[in-house]
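Below, each chain spelled out in residue letters.
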Amino acid sequence: MAKLLYSATASLDGYIAGPGGDMSWLTEHLTGDNPTADRLLANVGAILAGNRTFGGDDPNRGTDSEGAFGGQYHGPVVVLTHRPPDDPPAGVTFADDLRSAVAQAKEAAGDKYVNVLGADVARQCLRAGLLDEILIFFAPVLLGDGVRILDDPGGARVRLTPIPGETVHWYRVDR
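Heads up: these notes are all about the structure in this document.

Calculation criteria
Residues numbered from 1 in each chain as written. Predicted model: local features only at pLDDT ≥ 70, side-chain atom pairs only at ≥ 80, totals over all residues. Heavy atoms only, no water. Buried < 20%, exposed > 50% of the residue type's maximum accessible area, 1.4 Å probe, protein only. Helix = DSSP H or I, 4+ residues; strand = E, 2+ residues; numbered from the N terminus. Arc of directions from axis to C-beta. Expected span 1.5 Å × (residues − 1). Polar contact = N/O pair within 3.5 Å; in protein donor to acceptor, adjacent residues only side chain to side chain. Salt bridge = Lys/Arg side-chain N within 4 Å of Asp/Glu carboxyl O. Pairing = 2+ DSSP bridges. Axes fitted to C-alpha atoms, helices over the stretch in contact; angles between N-to-C directions. Contact = heavy atoms within 4.5 Å.

Observations regarding helix α4 (residues 119–127)
Every buried residue of α4 is accounted for by A119, V121, A122, C125 and L126. Burial along α4 is one-sided: seen end-on, the buried residues are contained in an arc of 160 degrees. Just beyond α4, the residue with positive phi is G129, at close to 75 degrees.

Rendered as structure tokens:
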């Protein structure tokens with residue numbers, strides 16, 4: 001059965017996007033080999049994203065690298081939103097309920113990962129007890145402001161356990 005994994009690249013001060021959702025800062029940090037990202041991509045069966053992430057800024061907009069995983073991901077996408085478009089893009093499913101979106105993404109992923117994109121959807125999954133793993137890549141930059149990795153004011157403490165044999169900052173969510 002599919003696992004829900006929240007993965008993101010963050011600045012060292014804990015932001016995945018700059019002010020207003022700006023992702024342009026990330027472009028210079030997406031160069032070079034990344035065996036962990038390559039291995040992850042090979043094991044992603046579906047993407048679950050929020051509407052802001054799905055329609056938001058892309059550091060590779062207008063290039064051959066536009067899209068998830070630098071344009072390398074070509075599979076099912078489920079978008080959690082209360083405002084689906086009248087004419088949805090091919091290969092994209094829209095759901096207005098978290099549990100329904102997760103169920104659809106898991107079904108599409110089979111025995112691979114559902115990669116959660118977007119801090120808000122990740123927070124919702126974590127609060128609902130649905131998130132299985134978290135993988136954070138850190139870029140050598142301080143943004144100072146923007147969208148935090150996980151911002152959950154009033155949320156409960158969540159313990160994470162490093163996954164043996166995996167890269168640093170890949171954790172299992174303890175329940």
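Let's talk about helix α3 (residues 98–109)
An ideal rise of 1.5 Å per residue puts 16 Å on 12 residues; α3 measures up with 16 Å between its terminal C-alpha atoms. You can read the cap of α3 off the contacts: a side-chain oxygen lies 3.2 Å from the backbone nitrogen of R99, and it is on D97. Just downstream of α3 lies G110, where phi reads positive at about 65 degrees.

Things to note about the pattern of salt bridges
Taken as a whole and judged by the stated rule, the model has six salt bridges. Notably, a salt bridge pairs E133 with K3, separated by 3.4 Å at the nearest N-O pair. Linking E133 in strand β7 (residues 133–139) with K3 in strand β1 (residues 3–11), this pair joins segments that are 130 residues apart in sequence. Taking relative accessible area as the criterion, E133 reaches 3% and is therefore assigned buried. Between D152 and R127 there is a salt bridge, with its nearest N and O atoms 2.9 Å apart. Here the residue D152 occupies a position in the loop between β8 (147–148) and β9 (160–162), and R127 occupies one in helix α4, the gap between them amounting to 25 residues. Owing to a relative accessible area of 23%, D152 belongs among the partly exposed residues under this scheme. Through salt bridges with shared partners, one network takes in R52, D120 and R123.

Structural notes on the sheet that holds strand β3 (residues 44–50)
Here we have eight strands laid out as an open sheet, ordered β5-β4-β3-β6-β1-β7-β10-β9, and mixed in their pairing. Edge strands, defined here as strands with exactly one partner in the open sheet, are β5 (92–95) and β9. Taking the axes of each pair of neighbouring strands and ignoring which way they run, one obtains an average angle of 30 degrees across the sheet. Strand direction decides the pairing type here: β1 and β7, joined by seven bridges, are parallel. Paired with A10 across the bridge in β7 is F138. Strand contacts of helix α1 (residues 35–42): β1, β3, β6 (113–117), β7 and β10 (170–173), with the helix running at about 145 degrees to β7, the strand carrying the most contacts. On top of the sheet, α4 reaches β1, β3, β4 (77–80), β6 and β10; it is set at about 105 degrees to β3, its chief contact.

On their own, these measurements won't tell you what the molecule is for.
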